[in-house]
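# Breakdown of the fold
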Amino acid sequence: MPVIDRVTFEELKQMSGADFINELIDAFLDDAPNMISQMQIALVAKDVESFRRNAHSLKSNANTFGALELGMLARELEYMGRENNLDIGDRLEVLNEAFERVAEGLKEMRA
Amino acid sequence: MKSRQEPGHLLVVDDNRVNRILLARGLEGHGHQVETAENGKQALEKLRADSFDLVLLDIEMPEMNGYQVLEICLQDPELRDIPIIMTSSLDEVDSVVKCIELGAEDYLNKPINPILLRARVNASLEKKHLRDEQRKLFRTFATKEVADELLKTGFSLGGEYVNASVMFVDIRSFTSIVEKQEPAETIELLNNYFALMFEAVTGHYGTVNQLEGDGLMAIFGAPIHHEGHREDAVRAALEMIELLEGFNVERSAQDKVQIEIGIGIATGRVIAGYTGTQYRATYTCVGDTVNLAARIENHTKVADRPILIDQYTCEGLPGDIKAEALGPILFKGKQQPIHIFAVKIYS
């Protein structure tokens, strides 16, 4: 699976306008680490709702950029949160690593 | 599909910054003026402070979610006409169904497809524009209550049988009046005259549905059915005569020709519905009762009485309105003679 799906990314560029794709990438690279750390905090505090919501936001953004793997991982965590299950094993670390790859990929695509 | 490219004033509501930027830039790229809100509370503040043509509303938001914003908007008479497109992730299909059932205009799945975005936004703006036009039209021809009711219940374009009172009003000897004065004077006369007649009709829950030359047709008891439409129609006619007296006093003071009118009212079953095109539609009614009302109005000249009504209308009047039976009249095109009554004018 490619880190970033080209078709989705091109559609995104078409929608935002090529001039604004960098603004979008910057917003994502800025916000996503915060979502991941909010999930970490929620996990410790056992705040299921905050955990689920941040996973949801991350999933939504990942899918917007065509970061399909990251999107799937975030979705899985969102669903676990929805079912009040915070027994997530090492999934958050796996997600963080996936995000690092996406961040690299997006930095390269930044015009 | 034809799509209007007229720009709209749009509000994008999403707690997620990437989504806000994406939608705002995308829609600005289509020429729209876009504002954003980060949560439901901010969205409602913006909606109440300014006028918007369309809202794109995220379902999943902290504190006040999309459902809550949607429900508040739909319950607020000032906000309920703004179309709302819900935005949501594909795996929230149940939520989307819920929103549509609650009254959202449409929905868009995230990640948002640019072609669908454009199509749905244009379609919603088109519908909004049409509703605004209909509202203007109804506000002109009907009472605020009738207009609001129609806008609330939606427009049933199909025809239906309704029991209603139909009124025709005409200015006597209008042609000879026109010949004696300047064209501008005639138009001014008509505008002042119609303003009074509209007031009498809408003041008694009627709807003016046709104007032709100096003639006016109005309907009582439809499109919104209410009991007592026979009385309403006759009281409207009496008010017309009263208003016209004042009008004539003013005209005679200005040394202008005074006018007289004839009013005919018939009650019965009519076929009513909206006719026209999506750009120009009117509530109209047809049928024997309409035809009869027109004939009765025409008969006012012969009978030399300003208000004539049929028997069924007469039977619906309370005791304080007096009517005199003029006997049966055989109208052109009718098989049976019709009993006609002249309504007594208060002095």
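Remember, predicted model here, so these are calculated numbers, not experimental data.

Calculation rules
- Residues numbered from 1 in each chain as written.
- Chains lettered and ligands numbered in written order.
- Predicted model: local features only at pLDDT ≥ 70, side-chain atom pairs only at ≥ 80, totals over all residues.
- Helix = DSSP H or I, 4+ residues; strand = E, 2+ residues; numbered from the N terminus.
- Contact = placed C-beta atoms within 7 Å.
- Buried ≥ 20, exposed ≤ 12 C-beta atoms within 10 Å, placed from the backbone.
- Expected span 1.5 Å × (residues − 1).
- Arc of directions from axis to C-beta.
- Pairing = 2+ DSSP bridges.
- Right-handed = clockwise from strand over helix to strand, strands pointing away.
- Axes fitted to C-alpha atoms, helices over the stretch in contact; angles between N-to-C directions.
- Core = buried A, V, L, I, M, F, W, Y, C linked by C-beta atoms within 7 Å.
- pLDDT = per-residue confidence, 0-100.
- Parallel < 35°, antiparallel > 145°, perpendicular 65-115°, else oblique.
- Left-handed = near helix turned anticlockwise from the far one by under 90°.
- Nonpolar A, V, L, I, M, F, W, Y, C, P; charged D, E, K, R; others polar.

## Considering the overall build of chain A
Secondary structure assignment for chain A yields 5 helices and 0 strands. Going from the N terminus to the C terminus, chain A shows its helices and strands as α-α-α-α-α. Counted over contacts in chain A with a minimum sequence separation of 6, partners at least 24 positions apart contribute 61%.

## A closer look at the overall build of chain B
Scanning chain B from terminus to terminus reveals 11 helices and 13 strands. Counting over 347 residues, chain B shows a buried share of 39%. In chain B, once contacts between residues fewer than 6 apart in sequence are set aside, the share between residues at least 24 apart is 64%.

## Some remarks on the interface of chain A and chain B
Taken together, the 19 residues of chain A in the interface contact 18 residues of chain B. Those elements that place two or more of their residues in the side of chain A that touches chain B are helix 1 (6-16), helix 2 (21-45) and helix 3 (48-65) of chain A. When residues in the side of chain A that touches chain B are grouped by element, the largest group, 7 residues, is from helix 3 of chain A.

## With respect to helix 4 (residues 68-82) of chain A
All names here are of chain A. For helix 4, spanning 15 residues, the distance from its first C-alpha to its last is 21 Å, which sits close to the expected 21 Å at 1.5 Å a residue. Those residues of helix 4 that sit buried are L70, G71, L73, A74, L77, E78 and G81. All buried residues of helix 4 fall inside an arc of 165 degrees around its axis, so they share one side. N84 lies just past helix 4 and shows a positive phi near 60 degrees.

## Re helix 3 (residues 66-75) of chain B
Among all positions in helix 3 of chain B, only G66, V69, L70 and C73 of chain B are buried. Projection of helix 3 of chain B onto a plane perpendicular to its axis shows the buried side chains occupying an angular sector of 100 degrees, all on one side.

## Quick look at the pairing of strand 1 (residues 9-13) of chain B
All names here are of chain B. In terms of burial, strand 1 is largely enclosed, as 4 of its 5 residues are buried. The pairing of strand 1 with strand 2 (residues 33-37) spans 5 bridges and is parallel. Bridging across to strand 2, V13 finds its partner in A37. For the handedness criterion, the β-α-β arrangement of strand 1, helix 1 (residues 17-29) and strand 2 is classed as right-handed. Where strand 1 and strand 3 (residues 54-58) come together, 4 bridges link them in parallel fashion. From the neighbouring strand, V13 faces strand 3, where its bridge partner is L57.

## What to know about unusual backbone geometry
With omega at 0 degrees, the peptide bond leading from K110 of chain B into P111 of chain B counts as cis. Tracing the sequence through the fold places P111 of chain B in the loop between strand 5 (106-110) and helix 5 (114-141). If you check the backbone angles, N84 of chain A has positive phi at about 60 degrees while not being a glycine. Mapped onto the elements of the fold, N84 of chain A is located in the loop between helix 4 and helix 5 (91-109). Positive phi values are uncommon outside glycine, yet E63 of chain B reaches one of about 65 degrees.

## Observations regarding the sheet that holds strand 3 of chain B
Residue and element names in this part refer to chain B. Taken in spatial order, the 5 strands of this open sheet run 2-1-3-4-5, and their pairing is parallel. Looking at which strands have only one partner, the edges of the open sheet turn out to be strand 2 and strand 5. Sheet twist, expressed as the average angle between the axes of neighbouring strands with direction ignored, equals 20 degrees.

## Re the nonpolar core
One finds L11, V13, V55, I84 and M86 of chain B to be the most contacted residues of the largest nonpolar core, which totals 61 residues. If sequence neighbours within four positions are ignored, V13 of chain B has contacts with A37, A43, V55, L56, L57, D58 and V69 of chain B.

## A few points about the environment of R101 of chain A
As for its position among the elements, R101 of chain A is in helix 5. Expressed as a C-alpha distance, the spacing of R101 of chain A and V3 of chain A, which sit 98 residues apart in the sequence, is 6.9 Å.

## Topic: the confidence of the model for chain B
With 88% of its residues at a pLDDT of 70 or more, chain B shows a mean pLDDT of 86. Per the prediction output, this complex has pTM 0.61; the corresponding ipTM is 0.90.

## Focus: the environment of G66 of chain B
All names here are of chain B. Structurally, the position occupied by G66 is in helix 3. G66 sits in the buried class, given 27 other C-beta atoms within 10 Å. Placed 20 residues apart in sequence, G66 and M86 show a C-alpha to C-alpha distance of 7.7 Å. Residues contacting G66, with those up to four places away along its chain left out, are L57, D58, I59, M61 and M86.

## Some details on the packing of helix 3 of chain A against helix 4 of chain A
A pair of packed helices is characterised by two quantities: the angle between their axes and the separation of those axes. Residues and elements named next belong to chain A. Contact pair helix 3 / helix 4: the axes reach a minimum separation of 8 Å and the direction vectors enclose 155 degrees. As judged from the angle between their axes, helix 3 and helix 4 are roughly antiparallel. Relative to helix 4, the crossing made by helix 3 is left-handed. Counting all contacts with helix 3, which are made through V48, F51, R52, A55, H56, L58, K59, A62 and N63, the residues of helix 4 involved are L70, G71, A74, R75, L77, E78, G81 and R82. Looking at side-chain class alone, the contact of helix 3 with helix 4 contains 8 nonpolar, 4 polar and 5 charged residues.

## Things to note about the environment of E199 of chain B
Residue and element names in this part refer to chain B. Mapped onto the fold, E199 is located in helix 8 (residues 183-202). Look at E199 and you get partly exposed, because 14 C-beta atoms sit within 10 Å. Residues E199 and M240 lie 41 residues apart in sequence; the distance between their C-alpha atoms is 8.6 Å.

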